[in-house]
Amino acid sequence: MFTLTIKELAARKQRLLTTAVAVLLGVAFMAGTLVFTDTVGATFDSVLAEANDGVDAYVRTPSEIDLGYGEPGPRLDASLAETVASVDGVDDVALRINGYAQLVGPDGQPVGDVSEYPAFGSSWVTVDDLNPYELWTGTAPAGDDEIVIDKASAEKAGYEPGDVATVLSKGEPQRFTIAGVATFGTADSPAGATAVLFTDAAAQRLLSAPNQADAIAVTADDGVSQVDVAAGIQAAVGDDVEVITGAALVAEDQASLAADFEAFDTMLLIFAVVALFVGAFTINNTFSITVAQRTREMAMLRAIGASGRQVKRAVLTEAVVIGALASGGGLAAGIGVASGLRAMLSQFGFDLPDGPIVISPTAMSASFAAGLIVTVLSAWLPARRAARIAPIAALREVAVDRSAVSVRRAVVGSLITVAGVSSVLNGLASDALALVGLGALATLVGVSVLGPVLARPVARLFGTPLRLRGLSGEFATRNAMRNPKRTARTAAALTIGVGLVAFITVFAASVKTSTAGSLDAGSDDAGSDVTGSEVTGSVGSLVTTSLVIGASVSDVSESSSPTTRVAMYTRPKTAIRPPTTMAAMRRLR
């Protein structure tokens, strides 16, 4: 039977191809999603580790709220750096000062897409081992009237060392001379954000407060472990200040990044599961039609001695071969999907750091197994029907389809459909998205079960106008009514397609409405009129936003200018979008 199955597949290549395409697309999307998320995670983990490469200890004030990314609590006294530097085993220290700073281009407009990425300022770290930035051209800021900007912002605005640029911060807009242009490690910018780097004195004046800093980064002497130097600093500064190792800081950053990407990863996986689910329906329909077309052939096999189990095994073997071939092709296509997702996000302005594609055995194995299992399970019911074909069917010209009068099908299908619709309604009323998704799935299954029962009356109803067109309309209507199960299976593919279009349309509209509502709420809270990516305030409120992902706006101060226009970054908390990593970069390791 195995040889016969292989010969059947070889003889019907078109059927093999159409069935395999459904599996291949589902596996490709799933594998691409897993490869993409693994690649993004590994790339950002590498960036965070590189940014903290020289940090052996990190001094910060503790926070009662877990802000993520190793974020400190209230700012600490900058003079504490002298105490830390005097501890045995400490090689060098550097202040970390961060806050809001928006670079303005020569045209008077904010540099960068402030609706998607934050604009922030930080102190330029003079200790090379503790500075995540590397000068690409120019020099470090030598005075309080000089700054360094990121390479991406310089290229967008056309700035070069020696140019004068305006920077918006907590006080009046000020003009600075650009001393240099820097890269964030190997990236042109910290995850697409606009970065303005000041001297320590200028950073304290514009970003925080005099003699205040966010944290203190420490390098240890050669031969001194991170644990030992952290313990020595903790003993020197007391319990009011928290000291962690550089390794712990990297671990916090990476864990926070994974948590921030979780919603985005889940959204992509949902689409992958939907693709596999659609593929399962397509495969089931294909095998069902194949079994119906080969009824006499399988009956002939039964007549010459093949058992029902052998016929069933032949159909399942065909499914295994198709599933294995298509899943293997889907893995290769998945790598292309991952690259495509990355390119697509770049087109939408979500710049990701450069890095190699990460192809993990776990992602490949899971995708291959999912494709193979879905194919075999989808072919299970058609294989059971094939096993029940009687030898006498070889002598029949046609098979009688009695599915339209099946009471059991009508009852079971109605119960599943009613349960699915109820679940959708309850989920919408209670904002339970999981319940809505489960109800939609149940409704689709219920309608599929009811399909043969509904096919005949629906075909009769919609066929009435066709009969007026003559004999062709009469034949088409009667043919659809004659085999309701075949009609239902054909309509199922269209049902799934329309359902997917409706799902994507509703999802996109919901995200758009949610985002617009969040932006409106943010502008109302700021007491300003929002125009594009700028805020015009009647009292000239300069909004300093927290760069912690999901945190609220903080550090608001009044400007003496009544017409000051400031760029404002607001992250919608209800919209699903690829997360930035600006919180991780807030302290600019």
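Analysis parameters
Within each chain, residues carry numbers counting from 1 in the order of the written sequence. Note on the predicted model: pLDDT of at least 70 is required for a residue's local features to be given, and 80 or more for side-chain atom pairs to be given and counted; whole-chain, interface and lining totals, by contrast, use all residues. Based on all heavy atoms of the structure, the side-chain values leave hydrogens and waters out of the count. Put simply, DSSP H or I for four residues or longer makes a helix, DSSP E for two residues or longer makes a strand, and each gets a number counted from the N terminus. Think of it in three bands: residues with accessible area under 20% of the maximum for their type are buried, residues over 50% are exposed, and the middle band is partly exposed, with areas taken using a 1.4 Å probe on protein chains only. Note on pairing: DSSP must find at least two bridges between two strands before they are called paired. Any two residues whose heavy atoms approach within 4.5 Å are treated as being in contact. Helix axes are fitted to C-alpha atoms over the stretch in contact, other axes to C-alpha atoms as well, and angles between N-to-C directions run from 0 to 180 degrees. Should an angle lie under 35 degrees it is considered roughly parallel, over 145 roughly antiparallel, and from 65 to 115 roughly perpendicular; all remaining angles are considered oblique. The sense of a crossing depends on the near helix, which, turned anticlockwise from the far helix by less than a right angle, makes the crossing left-handed and, turned clockwise, makes it right-handed. Amino acids outside the nonpolar list (Ala, Val, Leu, Ile, Met, Phe, Trp, Tyr, Cys, Pro) and the charged list (Asp, Glu, Lys, Arg) are all regarded as polar, and Gly is one of them. Patches here: salt-bridge-free residues with over 30% relative accessible area, like charges joined within 9 Å, nonpolar side chains (Val, Leu, Ile, Met, Phe, Trp, Tyr) joined within 5 Å. Each accessible area is a Shrake-Rupley result for a 1.4 Å probe, and residues are judged covered by the shown protein chains and nothing else. Any carboxyl oxygen of Asp or Glu within 4 Å of a side-chain nitrogen of Lys or Arg constitutes a salt bridge here. By the counting rule applied here, Lys and Arg register as positive and Asp and Glu as negative, while His and the ends of each chain are not counted. Charge placement uses NZ in Lys and CZ in Arg. For Asp and Glu, CG and CD serve respectively. We define the nonpolar core as a collection of buried residues of types Ala, Val, Leu, Ile, Met, Phe, Trp, Tyr and Cys that are connected through side-chain atoms lying within 4.5 Å of one another. Stacked, edge-to-face and tilted labels apply to pairs of Phe, Tyr and Trp rings (six-membered ring for Trp) whose centres lie within 6.5 Å, assigned for plane angles under 30 degrees, over 60, and everything in between, in that order. Per residue, pLDDT measures the predictor's confidence, with a range of 0 to 100.

Caption draft 1: Structural detail: the side chain of Thr-33. Turning to its location among the elements, Thr-33 is positioned in helix α2 (residues 13-51). Classification of Thr-33 as buried rests on a relative accessible area of 0%.

Caption draft 2: Molecular detail of the pairing of strand β6 (residues 119-123). Where burial is concerned, most of β6 is hidden: five out of the five residues are buried. Burial along β6 is two-sided: Ala-119, Gly-121 and Ser-123 and Phe-120 and Ser-122, pointing in opposite directions, are all buried. Here strand β4 (residues 98-100) pairs with β6 via three bridges, running antiparallel. Note on β6: the bridge partner recorded for Gly-99 is Gly-121. The sheet contact formed by β6 and strand β11 (residues 194-198) spans five bridges and is parallel. Residue pairing in the sheet places Ser-122 in a bridge with Leu-197 of β11.

Caption draft 3: Focus on the environment of Val-376. Positionally, Val-376 belongs in helix α10 (residues 361-387). Through-space distance from the C-alpha of Val-376 to that of Asn-284 is 9.4 Å; in sequence the pair is 92 residues apart. Among residues more than four places away in sequence, those in contact with Val-376 are Leu-316, Ala-319 and Val-320.

Caption draft 4: The packing of helix α11 (residues 407-430) against helix α12 (residues 433-467), seen in detail. At their nearest, the axes of α11 and α12 sit 7 Å apart, and the two run at 155° to each other. One finds that α11 runs roughly antiparallel with respect to α12. Crossing hand, α11 versus α12: left-handed. Residue composition of the contact of α11 with α12, by class: 16 nonpolar, eleven polar and one charged.

Caption draft 5: Region of the structure containing a negative patch on the surface. Together, Glu-50, Asp-53, Asp-88, Asp-91, Asp-92, Asp-128, Asp-129, Glu-134, Asp-221 and Asp-222 give the surface a local cluster of negative charge. Positionally, Asp-88 belongs in the loop between α3 (80-85) and β3 (90-96).

Caption draft 6: Quick look at the nonpolar core. Ranked by internal contacts, the top residues of the largest apolar core, which has 43 residues, are Phe-36, Phe-264, Phe-287 and Met-298. Among the secondary structure elements, those contributing two or more residues to this core are α2, α7 (246-293), α8 (295-303), α9 (308-347) and α10. No other element matches the twelve residues that α2 contributes to this core. Beyond its immediate stretch of four places on either side in the chain, Phe-287 contacts Thr-19, Val-315, Glu-318, Ala-319, Ile-322, Ala-379 and Pro-382. In this structure, Ala-81, Val-87, Leu-206 and Ala-230 belong to the second largest nonpolar core, which totals 41 residues.

Caption draft 7: Spatial organisation of the packing of aromatic side chains. Tallied over the full model, the rule gives two aromatic pairs. Plain terms: the ring middles of Tyr-133 and Phe-184 are 5.2 Å apart, the flat faces sit at 75° to each other, and that makes the pair edge-to-face. Linking Tyr-133 in strand β7 (residues 133-138) with Phe-184 in strand β10 (residues 174-184), this pair joins segments that are 51 residues apart in sequence. Comparing Tyr-133 with Phe-184, the two get one shared label, buried.

Caption draft 8: Here's a closer look at the sheet that holds strand β13 (residues 215-220). Pairing is antiparallel across the open sheet formed by four strands, whose spatial order is β3-β13-β1-β14. The sheet is open, and its two borders are formed by β3 and β14 (242-245), each paired with just one other strand. With direction set aside, neighbouring strand axes in the sheet form an average angle of 20°. Looking at chain direction, strand β1 (residues 57-60) and β13 are connected through three bridges and run antiparallel. Within β13, the position partnered with Ala-57 by the bridge is Val-218. Here helix α6 (residues 226-237) sits on the sheet and contacts β1, β3, β13 and β14; the angle it forms with β14, its principal contact strand, is near 175°.

Caption draft 9: Layout of the confidence of the model for the protein chain. In this model, the protein chain carries a mean pLDDT of 76, and residues with pLDDT of at least 70 account for 77%. When pLDDT is averaged over each helix and strand of the protein chain, the minimum, 28, is found for strand β17 (residues 541-545) and the maximum, 94, for strand β8 (residues 146-150). This stretch, residues 525-589, has a pLDDT under 50; its non-local contacts, to residues over four places away or in other chains, come to 178 contacts.

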